[in-house]
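Fold and geometry: a report
Here are the chains, one letter per residue:
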Amino acid sequence: MVRTRFAPSPTGFMHVGNLRTGLFAWLTARHAGGDFILRLEDTDKNREVEGSADHILECLNMLGLERDEGIDVGGPYAPYMQSERLAIYREWAQRLIDTGRAYADPYTAEQVQQFREQAQAEKRPFLYRNHRPENPPTWDGTTPLRFKSEPKSYEWHDEVMGDLHAGAEVVDDFILIKSDGYPTYNFAHIVDDAAMQVTHVIRGQEFISSMPNYLNLYEALGLELPIFATMPHILNENGNKKLGKRDGAKDVLEYVREGYLPETLLSFIATLGWNDGTEQELFTRQELIEKFTLDRVQHSGARFDEKRLLWMNGQFIRQLSLDDLWNRVVDFWPEGAENSNDDYRRQVLALAQDRLKTLHDLPTLTSYFFAEPTPDWSMIDDNKQLSKIDRGRLVELLGATKSALESSDFSADALQQTLNNLLEQTGEKPGTLFSLIRFAITWAPFSPALPETMEVLGRDRTLQRLQSAIDAA
Ligand code: GLU
């Protein structure tokens, strides 16, 4: 039975990297028909940020990563919040004390600093185990409890990183329980993973250097090893350094507020360092569950490319049914849209759908369907082709367009025909004439196909806008 866990600390917002670890753990469980556990690692009270736990749940729910066990749903190994498991850590700590593998740390911070400086002066690495007290006091909980390591070298396998090894020099006596009574991550996660029967430990790269210490502790506790899978770093767009806030490591929910679909984020995060062996980038949730395996997670860093995210979002928006899209854009309509009926708004939405990169683009793409745009001839002056033609001729062309449209039927097909005839009649190229008409009826930098736009706007408004454009020239 595969059991994976996502074990975030409540220290602030989740970005794509944090959430990727959760997603891969969830996918590993779902792929194997196993269980996914959400454990909150809240033992560092100094770093805790209020509201983080709710935020974590909101992010998981947004992606649809439901829990089988965890802080919100309970389960057979509850509690799943580390701060509520202190008695359990004490019990396990006692076992280590009883077998001579843990001792009370008698030193003050100043004393430790002295050891450190001394090691530095002698140009040797500082190792705590070189300073073990000869007669440690009985541990009463007021001082840290330290692990008594048994240094040796290790070889181990990581599902993502492959076969790894490290020498005995990195194994040291680390703190198990701090003087505030809370366990360290190093101790608590091993206790909990064992107690909760976790089979796969899937986590970020920052923990890999501590593996020899963890292996030493697993041995001291007589525990079987779980499978380890270390996620590669997420790198900035250029792939030359770790993703930081400046490169877009922001709150994942921020993307949703900006009009990214959860489907997009799911595929985007899944393909940060994973692929199914093909070029496919857009996956449904079901496809991911079927195809995801840890051995296809690449071990080099994954590049975070916001342009790819944007492209993917446009693709996912296109795939939505109009009804589905309609329900999702409720908060994204431009001002004035509330005065139009649903039927009209649905027509506008159908026209805009293919051009939406994010839901947030809706106002820019459709505002002229709901409010009269102000003619702005500087847009025409700035246009490469149109700026070559003198204004008198442009006005003449708009006049000809207006007359042709006056006698045209206003279905998109008929309008297309009318526009084609107009090309012949004026001898202009489509790129010139149609751009001009586009400006005159939308005054927007981008707009959907012209005949469809005019059909939805209707005869009166289209003609009126052409006249306003001529008047403003
Ligand atoms: N609490 C750790 C963190 O948030 C989790 C590491 C792990 O998954 O074991 O970084």
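Relevant structure appears above.
In what follows, the accompanying structure is described. Residues take numbers from 1 onward in each chain, read along the sequence in its written order. Owing to the predicted nature of the model, reporting of local features is limited to residues with pLDDT of at least 70; listing and counting of side-chain atom pairs is limited to 80 or more, with chain, interface and lining totals taken over all residues. Side-chain descriptors were evaluated using all non-hydrogen atoms of the structure, hydrogens and water having been removed beforehand.

1. Some remarks on the site of the ligand
Stated formally: We define proximity as follows: a residue is near a molecule or strand when any one of its heavy atoms falls within 4 Å of that partner. Polar contacts, as counted here, are pairs of nitrogen or oxygen atoms within 3.5 Å of one another; within protein the pair requires one atom able to donate a hydrogen and one able to accept it, and residues that are adjacent in sequence qualify only if both atoms are side-chain atoms. Residue exposure ignores everything except the shown protein chains as possible cover, and the areas themselves are Shrake-Rupley values with a 1.4 Å probe. Any residue that is not Ala, Val, Leu, Ile, Met, Phe, Trp, Tyr, Cys, Pro, Asp, Glu, Lys or Arg is counted as polar, Gly included; the first ten are nonpolar and the last four charged.
Close to the ligand lie R5, A7, P8, S9, E41, Y185, R203 and F207. One of the side-chain nitrogen or oxygen atoms of R5 is found 2.7 Å away from an oxygen atom of the ligand. In the model, a nitrogen atom of the ligand is placed 2.6 Å from a nitrogen or oxygen of the E41 side chain. For the ligand, whose free accessible area comes to 300 Å², the fraction covered by protein is 81%. Per-class residue counts for the shell around the ligand are 4 nonpolar, 1 polar and 3 charged.

2. A short note on the nonpolar core
Spelled out, the test is: Here the nonpolar core consists of buried residues drawn from Ala, Val, Leu, Ile, Met, Phe, Trp, Tyr and Cys, with membership extended through side-chain atoms lying within 4.5 Å. Classification of residues uses two cut-offs on accessible area relative to the type maximum, computed with a 1.4 Å probe and protein chains only: under 20% is buried, over 50% is exposed, and between them is partly exposed. Contacts are assigned to residue pairs with any non-hydrogen atoms lying within 4.5 Å of each other.
Ranked by size, the top nonpolar core spans 103 residues in total, and within it V16, L23, F24 and F369 carry the most contacts. If near-sequence neighbours (up to four positions away) are discounted, L23 is found in contact with L65, L266, I269 and A270. Ranked by size, the runner-up nonpolar core spans 33 residues in total, among them I37, F147, V201 and L217.

3. Quick word on the pattern of salt bridges
For the record, the criterion: What counts as a salt bridge is simple: a side-chain nitrogen of Lys or Arg found within 4 Å of a carboxyl oxygen of Asp or Glu. What counts as a helix is a DSSP run of H or I of at least four residues, what counts as a strand is a run of E of at least two, and both are numbered from the N terminus.
What the rule picks out here adds up to 34 salt bridges. Two residues, D42 and K45, come together in a salt bridge whose shortest N-O distance is 3.7 Å. Across the pair R132 and D173 runs a salt bridge, and its minimum N-O distance is 2.6 Å. Of this pair, R132 sits in the loop between α4 (109–121) and β5 (145–147) while D173 sits in the loop between β7 (162–166) and β8 (175–177), and the two are 41 residues apart along the sequence.

4. Topic: the environment of F36
Here F36 is to be found in strand β2 (residues 35–38). Given the relative accessible area of 0%, F36 is considered buried. Through-space distance from the C-alpha of F36 to that of W26 is 5.7 Å; in sequence the pair is 10 residues apart.

5. Some words on the pairing of strand β6 (residues 154–158)
How we decide: Paired strands are those between which DSSP finds at least two bridges.
Residues Y154, W156 and D158 of β6 are buried on one face, while the alternating residues E155 and H157, pointing to the opposite face, are not. Alignment of β6 against β7, held across 5 bridges, turns out to be antiparallel. Note on β7: the bridge partner recorded for D158 is G162. Hairpin connection from β6 to β7: 3 residues lie between these consecutive antiparallel strands.

6. Section: helix α5 (residues 185–195)
Note on helix geometry: an α-helix contains 3.6 residues per turn, so any two residues three or four positions apart are oriented the same way. Listing the buried residues of α5 in full gives F187, A188, H189, I190, V191, D192 and D193. Buried residues belonging to α5 abut β1 (3–6), α3 (86–98), β8, β9 (200–204) and α6 (211–220).

7. Some words on the packing of aromatic side chains
Stated precisely, the cut-off is as follows: Between rings of Phe, Tyr and Trp, where Trp is taken as its six-membered ring, a pair exists when centres lie within 6.5 Å; planes separated by under 30 degrees are stacked, by over 60 edge-to-face, and by other angles tilted. Think of it as a cone above the ring: NZ of Lys or CZ of Arg counts as a charge over the ring if it is within 6 Å of the ring centre and within 35 degrees of the ring normal.
One pass over the full model with this rule turns up 17 aromatic pairs. Plain terms: the ring middles of F147 and F174 are 5.3 Å apart, the flat faces sit at 45 degrees to each other, and that makes the pair tilted. Within this pair, whereas F147 is found in strand β5, its partner F174 is found in the loop between β7 and β8, the two being separated by 27 residues in sequence. Where W274 meets F292, the ring centres are 5.5 Å apart and the plane angle is 40 degrees; that geometry is what we call tilted. Within this pair, whereas W274 is found in the loop between α8 (262–270) and α9 (285–291), its partner F292 is found in the loop between α9 and β12 (302–303), the two being separated by 18 residues in sequence. What makes W274 buried here is its relative accessible area of 2%. One aromatic cluster is present, formed by F24, W274, F283 and F292 through successive ring pairs. Positioned above the aromatic ring of Y128 is the side chain of R146, whose terminal nitrogen or guanidinium carbon lies 3.2 Å from the ring centre.

8. A short note on the pairing of β1
To keep it simple, the criterion reads: A crossover counts as right-handed when, viewed with the strands pointing away from the observer, the path leading from the first strand over the helix to the second turns clockwise.
The side-chain alternation of β1 yields two buried faces, one formed by R3 and R5 and the other by T4 and F6. The handedness of the β1 to β2 crossover, carried by helix α1 (residues 16–31), is right-handed.

Purely geometric stuff here, so don't read any function into it on its own.
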